[in-house]
Amino acid sequence: MSEPAFDAAQDPHVEVLRVGAEQHPVLLVDGLLIGVEGLVDFAADTAVLAPVKSAANFYPGVRAPAPGGYVRALIKALRPHLAQMFGAPIGGQAHITSALSMATLPVQAANLAQRLPHIDTTQPNQLAILHYLCGPEHGGTAFYRHRATGFEAIGPDRGPAYFAALRDEIAGGEASGGYIVGSSDLFEQTAAVTPVFNRVIVYASNLLHAGVLPDRPLSQDPRLGRLTANTFFRFEPR
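S.K.: Looking at this structure, I do not really get helix 4 (residues 159-171). What am I missing?
M.R.: The α-helix winds at 3.6 residues per turn, so residues separated by three or four positions along the chain end up facing the same way. For helix 4, built from 13 residues, the straight-helix expectation of 18 Å at 1.5 Å per residue is met to within 8% by its first-to-last C-alpha distance of 18 Å. Of the residues making up helix 4, those classed as buried are Gly159, Tyr162, Ala165, Leu166 and Glu169. Along the axis of helix 4, the buried positions cluster into a sector of 145°, meaning they face one direction only. More than 90 degrees from the buried face of helix 4, the exposed residues found are Pro160, Arg167, Asp168 and Ala171. Buried residues along helix 4 sit against strand 8 (141-146) and strand 9 (187-193). Directly beyond the C-terminal end of helix 4, a positive phi value near 80° is found at Gly173.

S.K.: What exactly am I supposed to notice about the layout of surface pockets here?
M.R.: The gaps left among the atoms become clear once a water-sized probe is rolled over them. Taken as a whole, the largest pocket holds about 1000 Å³ of empty space. Lining of the largest pocket is provided by 45 residues; of these, Phe58, His118, Ile119, Asp120 and His209 occupy positions nearest its centre. Broken down by secondary-structure element, the contributors of at least two residues to the lining of the largest pocket are strand 6 (94-103), helix 3 (112-115), strand 7 (126-132), helix 4, strand 11 (209-211) and strand 12 (227-235). The residue inventory of the lining of the largest pocket, partitioned by class, reads 23 nonpolar, 16 polar and six charged. Taken as a whole, the second largest pocket spans an internal volume of roughly 170 Å³. In terms of lining, the second largest pocket is formed by 15 residues, of which the most central are Leu116, Ser176, Gly178, Ile180 and Ser184. In terms of residue class, the lining of the second largest pocket is built from seven nonpolar, five polar and three charged.

S.K.: Before we go on, may I ask you to explain helix 2 (residues 68-86) in this structure?
M.R.: Here helix 2 is 19 residues long, yet its end C-alpha atoms lie only 24 Å apart, well below the 27 Å a rise of 1.5 Å per residue gives. For helix 2, the principal kink sits at Leu78 and spans about 50°; a proline, Pro80, occurs within the next four residues. Directly beyond the C-terminal end of helix 2, a positive phi value near 75° is found at Gly87.

S.K.: Looking at this structure, I do not really get the sheet that holds strand 5 (residues 61-65). What am I missing?
M.R.: Remark on secondary structure: sheet strands pair via backbone hydrogen bonds, oriented parallel or antiparallel. Taken in spatial order, the seven strands make up an open sheet running 2-3-10-7-12-6-5, and their pairing is antiparallel. Two strands close off the open sheet at either side, each with one partner strand: strand 2 (13-19) and strand 5. Pairwise comparison of adjacent strand axes, ignoring direction, gives a mean angle of 25° for this sheet. Judged from the seven bridges that link them, strand 7 and strand 12 form a sheet pairing that is antiparallel. Across the sheet, the residue bridging to Ile129 is Thr231, located in strand 12. Helix 1 (residues 36-45) rests against strand 5, strand 6, strand 7 and strand 12 of the sheet, and its axis sits at about 65° to strand 6.

S.K.: Before we go on, may I ask you to explain the pattern of salt bridges in this structure?
M.R.: When charged atoms on two side chains of opposite charge get close, those side chains can pair. As enumerated under the stated definition, the model contains six salt bridges in all. Residues Arg145 and Glu188 are paired through a salt bridge, measuring 2.6 Å at the closest nitrogen-oxygen approach. Here the residue Arg145 occupies a position in strand 8, and Glu188 occupies one in strand 9, the gap between them amounting to 43 residues. What makes Glu188 partly exposed here is its relative accessible area of 30%.

S.K.: What am I meant to see in unusual backbone geometry here?
M.R.: A negative phi angle characterises most non-glycine residues, just as the trans form characterises most peptide bonds. For Gln23, which is not a glycine, the phi torsion comes out positive at approximately 60°. Position of Gln23 among the secondary structure elements: in the loop between strand 2 and strand 3 (24-30). By relative accessible area, which is 41% here, Gln23 ends up partly exposed. One non-glycine residue with positive phi stands out, namely Asn198, at about 70°.

S.K.: What is the right way to look at the side chain of Gln126 in this model?
M.R.: Among the secondary structure elements, Gln126 is positioned in strand 7. Residues in contact with Gln126, not counting those within four places in the same chain, are Asp120, Thr121, Tyr203, Ala204, Ser205, Phe232, Phe233 and Arg234.

S.K.: Can you walk me through the environment of Cys134 in this structure?
M.R.: Considering the arrangement of structural elements, one finds Cys134 in the loop between strand 7 and strand 8. By relative accessible area, Cys134 is classed as buried at 5%. Once the C-alpha coordinates of Cys134 and Arg79 are considered, the two residues, 55 residues apart in sequence, prove to be 24 Å apart. Ignoring any residue separated from it by four or fewer positions in sequence, one finds Cys134 in contact with Pro195, Val196, Phe197, Gly225, Arg226 and Leu227.

Rules of the game
- Residues numbered from 1 in each chain as written.
- Predicted model: local features only at pLDDT ≥ 70, side-chain atom pairs only at ≥ 80, totals over all residues.
- Heavy atoms only, no water.
- Helix = DSSP H or I, 4+ residues; strand = E, 2+ residues; numbered from the N terminus.
- Expected span 1.5 Å × (residues − 1).
- Buried < 20%, exposed > 50% of the residue type's maximum accessible area, 1.4 Å probe, protein only.
- Arc of directions from axis to C-beta.
- Contact = heavy atoms within 4.5 Å.
- 1 Å grid on protein atoms, 1.4 Å probe; cavity = no way out; pocket = protein on both sides within 12 Å on 5 of 7 lines; lining within 4 Å.
- Points joined across faces, edges and corners; volume = space filled by probe spheres on them.
- Nonpolar A, V, L, I, M, F, W, Y, C, P; charged D, E, K, R; others polar.
- Bend = angle between axes of the 7 residues up to and from the residue.
- Pairing = 2+ DSSP bridges.
- Axes fitted to C-alpha atoms, helices over the stretch in contact; angles between N-to-C directions.
- Salt bridge = Lys/Arg side-chain N within 4 Å of Asp/Glu carboxyl O.

Below is the structure:
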């Protein structure tokens with residue numbers, strides 16, 4: 001199958017959420033691109049979805065590189081919003097990685113890092129762009145506050161204190177159970193976004209977040225399972 005074609009929609013619905021006590025922005029755009037049904041077909045018929053063999057990657061499922069045409073269309077459509085909301089220079093250079101992803105790991109096979117809220121980096125100039133290619137039955141994305149420190153975003157200045165506190169909690173046996181759903185003894189959920197097909201959310205990669213995942217995935221089929229496109233956009237600050 002050849003790569004599908006994409007175009008920017010003329011009138012997407014744009015909303016800005018402010019999450020938690022720290023009021024970090026989460027950009028929500030419904031109907032950003034035309035042609036995303038072809039991305040689902042590409043994932044099902046062409047992409048080779050496989051576990052990521054990297055010690056630094058904790059994604060609880062399988063991934064494959066996203067088509068280049070999709071990534072170009074996505075970033076072109078989002079650029080004005082990334083500039084306005086997150087201060088990413090509209091014409092500046094950026095480092096971009098993008099993957100089609102399916103959460104397929106049953107909870108009994110997941111390690112602790114995959115079950116707890118996490119950050120992608122402590123750096124403030126990286127954005128996570130999550131494009132839902134599935135419906136609400138698969139669970140969305142939630143944001144959290146770490147109860148012991150009160151932190152909702154973990155920048156370089158907060159990293160040492162946060163990770164030290166979390167290590168102590170894990171060593172004390174306080175972190176247990178399945179995939180986090182709602183609040184727990186260690187983390188308070190501050191907001192949750194429901195997945196809608198062709199919904200895009202954008203947030204700083206250093207926000208504490210987690211997928212709202214069932215203990216047993218509904219399907220391994222990209223047309224029926226929890227398919228998303230996950231893009232990281234790292235820019236040079238102004």
